[in-house]
Amino acid sequence: MTSDTKDSLVLVTGASGFVAMHCILQLLEAGYSVRGTVRNPQRTTQVEAALKAHGADTSRLSFVVADLTSDAGWSEAMRSVTYVLHVASPLPRTPPKHADELIVPARDGALRVIRAAQRAQVKRLVMTSSVAAVLYGHKRDGSETYDESHWSVLSKDVGAYEQSKTIAERAAWDLVASFPEEERLEFCTINPGLVLGPVLDSDYGTSGEVVRKLMAREMPGCPDIGWAMVDVRDVASAHLAAMITESAAGKRFVASVQHASMLDVARILERHFSGRGFRIPTRRVPGWLLRGVALFDKTAALAVQELGKRQDLDTTQIETVLGWHPRGLEEMVVSMGESLIEHGIVTA
């Protein structure tokens, strides 16, 4: 690993996002200077306030306006940057009318950021991808474990978000490979599962919907769905380690703990929050009920394709190359629940 934090400026794209804010928090704690990109400059005050509330020294934090759908601002964003964490990518709470609404900005945005970083002679770019680019189109019946060598097999049955992450990551690897080898920036990806853990402000993102819906009792019970989950703090630490670990260049890193069901999450919430007035639904419900709810709850519609499927992943690579040791399911679920209460997102 390198130890050039005092002289290194790190660009974090999508600075107001759930994962990005935790990356910025850890970068500032580690002594880096950070520049964050935002689409809306009005969000910078809220982001800075949230980081300060969690102990960050924001004197080494600045912002620049840049959008994944436009070339404007990216040359300025890359000026004097040593590392880039490309975290920004569309993650909807509802299914888009057309898959291209997600695919085009995710793919073209990633290519735009990589080209700008290559022109600016950035040392390394770490891109946030997803297990969505690994798992989909495979059996996922518990008979096989998937790792970084696997890619999602896209079809009309695969959701728009999963398509966008797969297409964007493949396009990114292809673009990096097209640069002259002697001039090529170093590149790697972090592929997290469903990201839980503490939210830093009231803009909790799509990842928090599972915990929020259970705490708000918006689900009648728990259908047979689940995910490979991971704490946002561990996703952020993986980005930082991938940024400076020499042997990380050229690799993908699946970041998750074990597959867990919605019922597992509900039971943890019930143990910790039922005594505080939260009535967590912990009964099993059939899949047709989720399909029914999905007709009027568009967030629930995103989960229908997970009915009866598993997300079994091998995390040997991230553990051995990055020395990554993630928090367990209980800690990430409880900390997310506590933070949703703290920010007034859920009430008993």
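Residues numbered from 1 in each chain as written. Predicted model: local features only at pLDDT ≥ 70, side-chain atom pairs only at ≥ 80, totals over all residues. Heavy atoms only, no water.

Caption draft 1: Seen up close, helix α7 (residues 232-244). Taking 1.5 Å of rise per residue, the 13 residues of α7 would be expected to cover 18 Å, and the 19 Å separating its terminal C-alpha atoms lies within 8% of that figure. Counting buried residues along α7, 12 of its 13 residues qualify, which places the element largely inside the surrounding structure. Val232, Arg233, Asp234, Val235, Ala236, Ala238, His239, Leu240, Ala241, Ala242, Met243 and Ile244 are the residues of α7 that are buried. (Helix = DSSP H or I, 4+ residues; strand = E, 2+ residues; numbered from the N terminus. Expected span 1.5 Å × (residues − 1). Buried < 20%, exposed > 50% of the residue type's maximum accessible area, 1.4 Å probe, protein only.)

Caption draft 2: Summary view of the sheet that holds strand β10 (residues 259-261). Taken in spatial order, the three strands of this open sheet run β7-β8-β10, and their pairing is mixed. Looking at the sheet topology across the chains shown, the edges are occupied by β7 (194-196) and β10. The mean inter-strand angle of the sheet, taken between neighbouring strand axes irrespective of direction, is 55°. Where strand β8 (residues 226-231) meets β10, three bridges bridge the pair, whose relative direction is antiparallel. Pairing of Ala228 across the sheet is with His259, part of β10. Sitting on the sheet, helix α12 (residues 329-342) is in contact with β7, β8 and β10, with an inclination near 80° to β8. (Pairing = 2+ DSSP bridges. Axes fitted to C-alpha atoms, helices over the stretch in contact; angles between N-to-C directions. Contact = heavy atoms within 4.5 Å.)

Caption draft 3: Inspection of unusual backbone geometry at higher detail. Here the phi dihedral of Ser80 falls at roughly 65°; this positive angle occurs in a residue that is not glycine. Among the structural elements, Ser80 can be located in the loop between α3 (74-78) and β4 (83-86). Backbone geometry places Gln121, a non-glycine residue, at a positive phi of 60°. Mapped onto the secondary structure, Gln121 falls in the loop between α4 (100-119) and β5 (124-128).

Caption draft 4: Inspection of the packing of aromatic side chains at higher detail. Following the criterion strictly, the structure yields two aromatic pairs and no others. Each ring, one from Trp173 and one from Phe187, has its centre 4.7 Å from the other, and the planes form 80°; the classification is edge-to-face. Remark: Phe187 occurs in strand β6 (residues 186-192) and Trp173 occurs in helix α5 (residues 160-178); sequence separation between them is 14 residues. Phe187 carries the same exposure label as Trp173, and that label is buried. A ring pair is formed by Phe273 and Phe278, whose centres lie 6.2 Å apart and whose planes are at 80°; its orientation type is edge-to-face. No difference in accessibility class separates Phe273 from Phe278, as the two residues are buried. (Phe/Tyr/Trp six-rings, centres within 6.5 Å; stacked < 30°, edge-to-face > 60°.)

Caption draft 5: Representation of the pattern of salt bridges in the model. Applying the stated rule across the entire model yields 19 salt bridges. Here Glu306 ties to Arg140 by a salt bridge, and the two come within 2.9 Å at their closest N and O atoms. Remark: Arg140 occurs in the loop between β5 and α5 and Glu306 occurs in the loop between α10 (298-301) and α11 (316-322); sequence separation between them is 166 residues. Note on Glu306: relative accessible area 2%, which makes it buried. For Arg140, a relative accessible area of 4% corresponds to the buried category. Of the charged contacts in the structure, one is a salt bridge between Arg212 and Glu218, with a shortest N-O distance of 2.8 Å. (Salt bridge = Lys/Arg side-chain N within 4 Å of Asp/Glu carboxyl O.)

Caption draft 6: Looking closely at the packing of helix α8 (residues 262-273) against α12. The geometry of α8 relative to α12 is characterised by a closest axis approach of 10 Å and an angle of 60° between their N-to-C directions. When the axis of α8 is compared with that of α12, the two are oblique. The handedness of the crossing between α8 and α12 comes out as right-handed. Where α8 abuts α12, its residues Asp264, Val265, Ile268, Leu269, Arg271, His272 and Phe273 lie against Leu329, Glu330, Val333, Val334, Gly337, Glu338 and Ile341. Taken together, the residues of the contact of α8 with α12 sort by class into eight nonpolar, two polar and four charged. (Parallel < 35°, antiparallel > 145°, perpendicular 65-115°, else oblique. Left-handed = near helix turned anticlockwise from the far one by under 90°. Nonpolar A, V, L, I, M, F, W, Y, C, P; charged D, E, K, R; others polar.)

Caption draft 7: Inspection of the sheet that holds β5 at higher detail. Pairing is parallel in the open sheet, where seven strands are placed in the order β3-β2-β1-β4-β5-β6-β9. The open sheet is flanked by β3 (61-65) and β9 (252-255), the only strands paired with a single partner. This sheet shows a mean twist of 20° between the axes of neighbouring strands, independent of strand direction. The pairing of strand β2 (residues 33-38) with β3 spans five bridges and is classified as parallel. Along β3, the bridge assignment pairs Val34 with Leu61.

Keep in mind these numbers describe shape, not what the thing actually does.
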